[in-house]
Amino acid sequence: MSKWSVGIDIGGTFTDLVALQHATGTQRSFKVLTTHGDPSMGVIEGIQQLMRNHGIPADSVELVVHATTLFTNALIERRGACTGLLTTQGFADIAEMGNERKYDLYDLQIERAQPLAPRHLRAEVAGRLNAQGQEIEPLDIPQALAAVDTLVDAGVESLAICLLHAYASPQHELALQAAIQARHPQLTLTLSSQTAPVIREYERTTTTLANAYIKPMARAYLDKLADELATIGLPRGVLMMLSNGGLARIDDARELPIALLESGPAAGAVSAVHHSLLESHRDLLAFDMGGTTAKLCLVTQGQPSISFGFEAARRQRFAEGSGLPIHITTVDLIEIGAGGGSIAHQDALGLLKVGPRSAGSEPGPMCYGLGGDAPTVTDANLLLGYLNPDFFAGGTLAMDRQQSAAGFAALGQQLQHSAVATAWGVHDIVAENMAAAARVHVSERGQDPRKFVLVATGGGGPLHAYYVARKIGISTIIAPPEAGVASAFGLLVATARSDRSRTISFKPATDDLRELETQFTALETQALPPLHALEQGFGPIQLQRRADGRFVGQGFNLTVDLPSGPYHFADSAGEAAWRAQLDQAFRSEYQRKFGRVPPDVPVELVNLRITGEAPPVEPFHAAPLPASHSTPEPVAHREVYFHEVRDYVSTPIFRRAQLRPGFAMAGPLLVEEPSTTVVVGPLGRIAMTAHANLVITVETAQ
């Protein structure tokens, strides 16, 4: 019996499911509305429907991979556990003081992100380590237990333990963990030394608190999901997509759910890379637009950009510094705009705005007929003709165009414009916001966005990519097969990955190289076990050494790749060679990024990082489609609005299943598939490649 793998991606609006059969190269997919009250309900119903539709026996499924926004939403909506903080005496307010930076200098009424543990649920303990991890004051265990007793009586279910300098030595945190577990075995504990063992006290505290805040929910959800999958005959040993774009066991995710916050968007970037490499494109902008948000990832030389921190639960959606800083390894994604459920409205100045409020899936856009009473981006796309009301989500979700028209007629009346002009305004605003954010993001990284390929995924990516590309100045768009479920597909082609880090102060020019090797060896020892546990399906393991470095005296760090170890040497010449390589690794990257290096200033490595990756043993290769040089007849013609002609145009509609490699045609046209629609305007031309990707060349705006 041929084996199947199943990917599950829970988004804010839809839950996407993809099944792959590696032996035949077969791909099957299904979308259901996300059930927010109990997300596992939508997952199980969707999987059962997917297996029924395509005759997939439960005992033929050998791998299940999962990504979810559940925990991100819990942080945003403050639906986590009652969480307490235990910290070093004198530091209980670090979570509230923050870094004393304002994200808006001129707002006198600025509101910072509130700590996940309020003041009355924060306690202190006597005992102190110095910056080298040496004890300078013994830990007062009885005092700590008394403080925890008080927190538990106040309702605390999950406790974050974040002691000063625990990144240098975990001894005090481990002692507290043992004592508290013996006293309160029901209390969920999170240690900063296991969650974020790096410097910067505020960021380490917020990361530890965030993990503690979502940990009980994560354990309950993941355990329930595993149990319910088992009841329908699927494996309990689910793999989870991490924010770093790699896979890990569900048991690892239960202990460190903070690593899952960006799992779905990360999988979208992995999918975009997979498809673009088939077309020999290595530099791309991975553009993923779903029902709630649109995100962008810069990919250079076939590798998604990686960051070692991001912000969650921002007070202002696009204001950097307004959220909770989280220290985890993550694919470097930026939110660049609205999703399909984002609500269009008139602001206080009388202008048309889109978002940030979203209708989500409950009640959803007006056209869903589920109680939504405000027009959204999806309603605009339906009114403009870009969406087929009878084929949305493969025909599983009926759409009412009259509801959308009524919503935009009312909004247009407020703005003194027609319903169609207002709907186009929404589509255009979304495209302009995305293009502007993309230009800034790419330019800040020293790149010209016009030199990149735009890979459009998500249900809304192919719908909006044409006008986004024209505004950016990008001339090539790739729309992969079943782009609307690309994140779920990305789960099934991702590598296994394990990241570990620790703080160190090391000057390559003068400090003992043997100590550096000892520290890296210890990190490798921590990173390898999660990968060895997956060695039946993933391998061989590759290790990459990195470090956050700076010139002595600087306050911020630059992450650079370091040469592979071990850093062993037989004589002074060998030692000098290693020192030169380590020093030059930082200086070269600093020169590339900033254009010059300060003269005669030594380099200091601050944080050491290890990344272990293991690719799938059996990579997925889609079944080839036979080529055809004949153009199929469109399944229909529909009136579709294109701004180039400022009117509706009778537009040919194709189904993606009709098309074969060799198909080529000038726009305007639409290509529909169950999970999305590819829009090609009058200044575009589309062709299907041998790998079944749709490549659109666009005459860009001047």
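Quantities reported herein were computed from a predicted structural model and do not represent experimental measurements. (Residues numbered from 1 in each chain as written. Predicted model: local features only at pLDDT ≥ 70, side-chain atom pairs only at ≥ 80, totals over all residues. Heavy atoms only, no water.)

A. View of the sheet that holds strand β6 (residues 122-125). The strand order β6-β5-β9-β10 describes an open sheet built from four strands, whose pairing is parallel. Edge positions in the sheet fall to β6 and β10 (188-191), since each of these pairs with one other strand and no more. Averaged over all adjacent pairs, the angle separating strand axes in this sheet is 20 degrees, with direction ignored. Summarising the sheet, strand β5 (residues 83-88) and strand β9 (residues 158-162) pair through five bridges and their orientation is parallel. Residue pairing for β9: Leu86 is matched across the bridge by Ile161. Most of the contacts of helix α4 (residues 141-153) go to β6, to which it runs at about 170 degrees, and overall it touches β5, β6 and β9. Strands in contact with helix α7 (residues 201-231) are β5, β9 and β10; relative to β9, the strand with the most contacts, it is inclined by about 155 degrees. (Pairing = 2+ DSSP bridges. Helix = DSSP H or I, 4+ residues; strand = E, 2+ residues; numbered from the N terminus. Axes fitted to C-alpha atoms, helices over the stretch in contact; angles between N-to-C directions. Contact = heavy atoms within 4.5 Å.)

B. Local environment of empty space enclosed by the protein. Scanning all chains against the criterion turns up one cavity of 30 Å³ or more. Among the residues forming the lining of the largest cavity, the class breakdown is five nonpolar, one polar and no charged. (1 Å grid on protein atoms, 1.4 Å probe; cavity = no way out; pocket = protein on both sides within 12 Å on 5 of 7 lines; lining within 4 Å. Points joined across faces, edges and corners; volume = space filled by probe spheres on them. Nonpolar A, V, L, I, M, F, W, Y, C, P; charged D, E, K, R; others polar.)

C. Here's a closer look at the pattern of salt bridges. Scanning the entire structure with this criterion turns up 37 salt bridges. For Arg439, the salt bridge goes to Glu432, with nearest N and O atoms at 3.2 Å. Residue classification places Arg439 among the partly exposed residues on the basis of a relative accessible area of 28%. When its relative accessible area of 31% is taken as the criterion, Glu432 is described as partly exposed. (Salt bridge = Lys/Arg side-chain N within 4 Å of Asp/Glu carboxyl O. Buried < 20%, exposed > 50% of the residue type's maximum accessible area, 1.4 Å probe, protein only.)

D. Structural context of the pairing of strand β22 (residues 352-358). Here four bridges tie strand β21 (residues 342-346) to β22, and the two strands are oriented antiparallel to one another. Residue pairing for β22: His345 is matched across the bridge by Lys353. The turn joining β21 and β22, which pair antiparallel and follow one another in sequence, is formed by five residues; a positive phi near 85 degrees is taken by Gly350.

E. Spatial organisation of α7. Over its 31 residues, α7 runs 44 Å from end to end, which matches the ideal 45 Å to within 8%, given 1.5 Å per residue. The sharpest bend along α7 comes to roughly 40 degrees, located at Lys215, with the proline Pro216 sitting one to four residues further on. Where burial is concerned, most of α7 is hidden: 22 out of the 31 residues are buried. Once α7 ends, the next one or two residues include Gly233, with phi positive near 90 degrees. (Expected span 1.5 Å × (residues − 1). Bend = angle between axes of the 7 residues up to and from the residue.)

F. Examining helix α2 (residues 70-77) more closely. With six of eight residues buried, α2 lies mostly within the body of the structure. Within α2 the residues assigned to the buried category are Leu70, Phe71, Thr72, Asn73, Ala74 and Leu75. Of the surrounding secondary structure, the elements contacted by the buried residues of α2 are α1 (39-54), β4 (61-68), α7 and β17 (310-312). Of the residues one or two after α2, Arg78 is the one with positive phi, at around 55 degrees.

G. How the structure looks around the pairing of strand β25 (residues 496-506). Of all the eleven residues making up β25, eight are buried; the element is thus mostly covered by neighbouring parts of the structure. Alignment of β25 against strand β28 (residues 603-614), held across nine bridges, turns out to be antiparallel. Its bridge partner lying in β28, Ser498 is registered against Gly612.

H. Highlighting unusual backbone geometry. The omega angle of the peptide bond from Gly565 to Pro566 is 0 degrees, so this bond is cis rather than trans. Cis geometry marks the peptide bond from Gly667 to Pro668, where omega comes out at 5 degrees. Structurally, the position occupied by Pro668 is in the loop between β31 (664-666) and β32 (669-673). Backbone geometry at Gln416 places phi at a positive 65 degrees, although glycine is not the residue there. For Gln416, the location among the structural elements is in the loop between α11 (401-415) and α12 (419-444). Its relative accessible area of 72% is what places Gln416 among the exposed residues.

I. View of the sheet that holds β32. In spatial order, the strands read β29-β30-β32-β33; together these four strands make up an open sheet with mixed pairing. The two strands at the open ends of the sheet, each matched to only one other strand, are β29 (636-642) and β33 (676-680). Pairwise comparison of adjacent strand axes, ignoring direction, gives a mean angle of 35 degrees for this sheet. Here seven bridges tie β29 to strand β30 (residues 647-655), and the two strands are oriented antiparallel to one another. Each residue of the ladder has a partner; that of Tyr641, found in β30, is Tyr648.

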